[in-house]
Every structure is written in structure tokens, then in C-alpha cells.
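Examination of the molecular architecture
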Amino acid sequence: MFFICMTETFHDPEEDKSVLIERCLRRIARGHKDAIGDIYELTKAAVYGYILSILKNAEDAEDILQETYIKICLNADAYHSQGKPMAWIFTIARNLALMKMRQKKRITDIPEYEWEQIADGNSEFQSEDKIVLQAALTKISEEESQIVMMHAVAGMKHREIAQYMEMPLATVLSKYSRAIKKLQKILEDE
């Protein structure tokens, strides 16, 4: 007797993106340096937005973005697949950004053209998101800003953010909720 099993599959574009990023990391680890361009295209908007949320300085963020991809290229063989390549990349970016902050100790406003670069790199980025993210960087705590950026720009799930930031999921959810409420109030007042 012959049976055909049909199952409905759900397509998760973020999961597909993670798989593509992991493939690129494996290729880089095997010496295919051209894969760095692929990983850059897949992740640049999210990584840049995240770095910018920490440094609040466009020039420094660009420098750290470049350093991040150099470090990815040099350390791809150290990546151990756990289905979370963006968390690994964000860790590299965060460490470099924090080192830069310690060196410089300065904060400046983010020019309009920098926000356009973030928007251009993310097809789902709406003008409302831009307003929310600008407010996030200036009106809420750094930790809340990072959570909002990781969720809104990078598309990370709250449980992934919790793992990355080494916080309980409930804490991340409450901080995200509180940040969104603050942002709504800020937008209503303005």
C-alpha cells in the first residue's frame, strides 16, 4: 500500500535568514572570503542600527560596523551553530561599540541621512518606525533602546533578545512593553 503524507509547512523568513547567515559563516570559516559580502548584505541594516543605538554617533557606528565584519571574517571558525547567528554578530558589534565608547566618551545626535540608511537597508522599515526609533534612542534608557532596536530593526524574537542580553524573558517583555508605552506617550505629546 502507498501512502502520501501531506503536511503544511509554515515559511518563516527570519528562520531562512538565520540559515543563510550560518551558511555564510561556514563558507567564511572554510576560507571563502567572498561570503563576507553576502553576510554583510543580509545583516548590515540590523547591525548598523544596533551599533547606532549604542554609540549614538554615525561616524563611530560606521567604523564599528566595518570592524564588526572584519572580526566576523577573522573569527567565523569560532562560531558554533545554535541557530542564533545574529546574537553572535550582535555580541561582536556590542563589544566593539563598548570599547569605542570607553575610548571616546561622547554622544551626538543622529543626522537624518543616517536614518535613511537604516530605512534603505530594511524593506519593512516604515516612516513610523523611523520616528519611534529616533525617540527610542533619545528618550528612553539605553537598555530599553537596545531591546526596541533588536526587535524592531533586527526582527529578533523576545526570547532571543532575552538569551542575548542574559535576562529573563519576562524582564525583556516588560522592558519592551514599558518602552513602547513611553514612546507612545512621547509621540502623543509631540
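Not measured: the values here are computed from a predicted model. (Residues numbered from 1 in each chain as written. Predicted model: local features only at pLDDT ≥ 70, side-chain atom pairs only at ≥ 80, totals over all residues. Heavy atoms only, no water.)

Located in the positive-phi region is lysine 56, a residue other than glycine, with phi close to 55°. Note that lysine 56 resides in the loop between helix H2 (35-55) and helix H3 (58-75). On the basis of relative accessibility, which here comes to 14%, the residue lysine 56 falls in the buried class. If you check the backbone angles, glutamate 166 has positive phi at about 55° while not being a glycine. The residue glutamate 166 is located in the loop between helix H8 (158-165) and helix H9 (169-189) in this model. (Helix = DSSP H or I, 4+ residues; strand = E, 2+ residues; numbered from the N terminus. Buried < 20%, exposed > 50% of the residue type's maximum accessible area, 1.4 Å probe, protein only.)

Taken together, Glu59, Glu62, Asp63 and Glu67 make up a surface patch of like negative charges. Locating aspartate 63 in the fold gives a position in helix H3. (Patch = residues over 30% accessible without salt bridge, like charges linked within 9 Å, V, L, I, M, F, W, Y side chains within 5 Å. Areas by Shrake-Rupley, 256 points an atom, 1.4 Å probe, with all protein chains shown as cover. Salt bridge = Lys/Arg side-chain N within 4 Å of Asp/Glu carboxyl O. Lys, Arg positive; Asp, Glu negative; His and termini not counted. Charge placed at Lys NZ, Arg CZ, Asp CG, Glu CD.)

This paragraph deals with the packing of H2 against helix H7 (residues 142-152). Look at H2 against H7: their axes get within 9 Å of each other, and the N-to-C directions meet at 170°. The orientation of H2 with respect to H7, classified from their angle, is roughly antiparallel. Facing H2, whose interface residues are Gly49, Tyr50, Ser53 and Ile54, H7 presents Glu142, Ser145, Gln146, Met149 and Met150. Across the contact of H2 with H7, the residue classes tally to four nonpolar, four polar and one charged. (Axes fitted to C-alpha atoms, helices over the stretch in contact; angles between N-to-C directions. Parallel < 35°, antiparallel > 145°, perpendicular 65-115°, else oblique. Contact = heavy atoms within 4.5 Å. Nonpolar A, V, L, I, M, F, W, Y, C, P; charged D, E, K, R; others polar.)

Moving on, we come to the confidence of the model for the protein. For the protein, per-residue confidence averages 77 on the pLDDT scale, and residues scoring 70 or more make up 73% of the total. Mean pLDDT across the elements of the protein bottoms out in helix H5 (residues 112-121) (55) and peaks in H3 (92). For residues 1-12, every residue scores under 50 in pLDDT, and the model assigns this stretch two contacts once sequence neighbours within four places are set aside. (pLDDT = per-residue confidence, 0-100.)

All right, on to the nonpolar core then. Counting 48 residues, the largest nonpolar core has Ile39, Val47 and Phe90 as its most contacted members. Of all the secondary structure elements, the ones that give two or more residues to this core are helix H1 (13-29), H2, H3, helix H4 (85-104), H7, H8 and H9. Examining the composition of this core, we find that ten residues originate from one element, H2, more than from any other. (Core = buried A, V, L, I, M, F, W, Y, C linked by side-chain atoms within 4.5 Å.)

Further remarks concern the packing of aromatic side chains. Counted under the stated rule, the structure contains three aromatic pairs. Summarising the aromatic geometry, the rings of tyrosine 40 and tyrosine 69 are spaced 5.0 Å apart at their centres and angled 75° between planes, so their arrangement reads as edge-to-face. Linking tyrosine 40 in helix H2 with tyrosine 69 in helix H3, this pair joins segments that are 29 residues apart in sequence. On the numbers, 4.6 Å between centres and 45° between planes, the contact of tyrosine 50 with phenylalanine 90 is tilted. Here phenylalanine 90 lies in helix H4 and tyrosine 50 lies in helix H2, a separation of 40 residues in the sequence. (Phe/Tyr/Trp six-rings, centres within 6.5 Å; stacked < 30°, edge-to-face > 60°.)

Below, the discussion takes up the packing of H2 against H3. At a minimum axis distance of 9 Å, the contact between H2 and H3 shows a crossing angle of 140°. Between H2 and H3, the interaxial angle falls into the category oblique. H3 is crossed by H2, and the crossing has right-handed handedness. Residue-level contacts link Ile36, Ile39, Tyr40, Thr43, Lys44, Val47, Tyr48, Ile51, Leu52 and Leu55 of H2 to Ala58, Asp60, Ala61, Glu62, Ile64, Leu65, Thr68, Tyr69, Ile72 and Cys73 of H3. Tallied by class, the residues present in the contact of H2 with H3 amount to 15 nonpolar, two polar and three charged. (Left-handed = near helix turned anticlockwise from the far one by under 90°.)

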